[in-house]
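So you can see what is in the structure, the chains are spelled out below.
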Amino acid sequence: MLDTILPEGLRFGVLFDRLITVHSLYIRAEEALASFRARNGLSCPAGCGTCCEGFLPDVLPLEASYLAAWLARNRPERALEIAESGRLPERSRGCPLYDPDKPDAHCTVYPGRPLICRLFAFSGIRTKNGRPSYSLCREMPHLPPPRSGARTWDGPDLEALFGPPPLMSDFGAELEGIAPGDGGRRAPLTAALPPALRQVLFLAGLGGRDDPNTDGNDPVLPPLPRAS
Ligand code: SF4
């Protein structure tokens, strides 16, 4: 499985160890969501991509690195293009990695997507008093009895009608704990991905290093080669 996520040159070192931990956390999160979803007969409307159409994820540096590693391994030309240009393709709104015309999942980086994208619609939050709460996505139809008449549940109702949902806050805190030195600092995906790609491509040895050009903003990473 790891073969499909990480470029060969990136299979050692601190970043590698952390990405392995991210990978296993993502798997656990997806298993917890699949179980909650199956247990409760929940699903998205067919073909729906509304959550990506009006949303741009804020990501931790490590999530950007995981996505960068997946792109470098699976879409190397696209990875180089983003790293070189320093930006993602423009979209008038929402996530630039969303493609409404792509069949099955509309996300063009689905296996590398950040945590929040894996948790959409089938996870809960903690309310201010710390109680788990779960809300139906606004695109989901009302549920049949005994869960009709409400779209948000918490406390004993949630426990009785759904069982405990996987919680965004808990998985998010665990993710932040993998690289505590990052201080939980998040940035929009569009800002976080290009420098993460530059780092991953450098570490994986997938970018040439002869061009002395540099923008001076990234003292750690050497510049990528210019496209010819
Ligand atoms: S990364 Fe993928 S799943 Fe997440 S918002 Fe963008 S298109 Fe949607």
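The structure displayed is predicted, hence computed values, not measured ones.

Of the regular secondary structure elements, the chain holds eight helices and five strands. Along the chain direction, N to C, the helices and strands of the chain fall in the order α-α-β-α-α-α-β-β-β-α-α-β-α. Residues classed as buried in the chain amount to 29% of the 228 residues present.

Around the ligand, a shell composed of C52, F55, P57, C95, L97, Y98, C107, V109, R113 and C117 is seen. Class assignment for the residues of the shell around the ligand results in nine nonpolar, no polar and one charged.

A general trend in soluble globular proteins is that nonpolar side chains are found buried together. Membership of the largest hydrophobic core comes to 43 residues, with the highest contact counts inside it found for A68, A69, A72, A79, L193, L197 and V200. For this core, the secondary-structure elements that each account for two or more residues are α1 (13-40), α2 (50-53), α3 (61-74), α4 (76-85), α5 (115-119), α7 (168-178) and α8 (189-203). Residue contributions to this core peak at nine residues, all from α3.

Before going further, it helps to examine the confidence of the model for the chain. Put simply, the chain has an average pLDDT of 87, and 89% of its residues get 70 or more. Throughout residues 208-228 the model reports pLDDT below 50, and contacts reaching past four residues in sequence, or to other chains, amount to 23 contacts.

Within a regular strand, side chains alternate between the sheet's two faces. Only one face of strand β3 (residues 132-135) is buried: it carries P132 and Y134, and the other face, with S133 and S135, is open. Taking the residues that link successive antiparallel strands as the turn, the strand β2 (residues 125-126)-β3 hairpin has five residues, and the phi of G130 there is positive, at about 85°. Of the strand pairs in this sheet, β3 and strand β4 (residues 152-154) are connected by three bridges, and their pairing is antiparallel. Bridging from a neighbouring strand, S133 pairs with D154 of β4.

Sheet strands pair by backbone hydrogen bonding; their relative direction is either parallel or antiparallel. With respect to topology, three strands assemble into an open sheet ordered β2-β3-β4, the strand pairing being antiparallel. Both outer strands of the open sheet, β2 and β4, are each paired with one neighbouring strand and no more.

A word on the environment of F120. In this fold, F120 is placed in the loop between α5 and β2. Taking the number of C-beta atoms within 10 Å as the measure of exposure, F120 has 17 and is therefore partly exposed.

Cis geometry is found at the peptide bond from P145 to P146, where omega equals 10°. Even without a glycine there, the phi angle at A121 is positive, about 75°. Among the structural elements, A121 can be located in the loop between α5 and β2. With 16 C-beta atoms packed within 10 Å, A121 lands in the partly exposed category.

Before going further, it helps to examine α4. Taken as a whole, α4 has its buried residues at A79, L80, I82 and A83. Down the axis of α4, the buried set is contained in an arc of 165°. They therefore lie on one face. Facing away from the buried surface of α4 by more than 90 degrees, the exposed residues are E77 and S85. Close packing links the buried residues of α4 with α3 and α8.

Two numbers describe how α4 lies on α8: the axes approach to 8 Å, and their chain directions differ by 120°. The hand of the α4/α8 crossing is left-handed. Counting all contacts with α4, which are made through A79, L80, I82 and A83, the residues of α8 involved are L193, P194, L197, R198 and L201. Tallied by class, the residues present in the contact of α4 with α8 amount to eight nonpolar, no polar and one charged.

Parameters at a glance
Residues numbered from 1 in each chain as written. Predicted model: local features only at pLDDT ≥ 70, side-chain atom pairs only at ≥ 80, totals over all residues. Helix = DSSP H or I, 4+ residues; strand = E, 2+ residues; numbered from the N terminus. Buried ≥ 20, exposed ≤ 12 C-beta atoms within 10 Å, placed from the backbone. Near = placed C-beta within 6 Å. Nonpolar A, V, L, I, M, F, W, Y, C, P; charged D, E, K, R; others polar. Core = buried A, V, L, I, M, F, W, Y, C linked by C-beta atoms within 7 Å. pLDDT = per-residue confidence, 0-100. Contact = placed C-beta atoms within 7 Å. Pairing = 2+ DSSP bridges. Arc of directions from axis to C-beta. Axes fitted to C-alpha atoms, helices over the stretch in contact; angles between N-to-C directions. Left-handed = near helix turned anticlockwise from the far one by under 90°.

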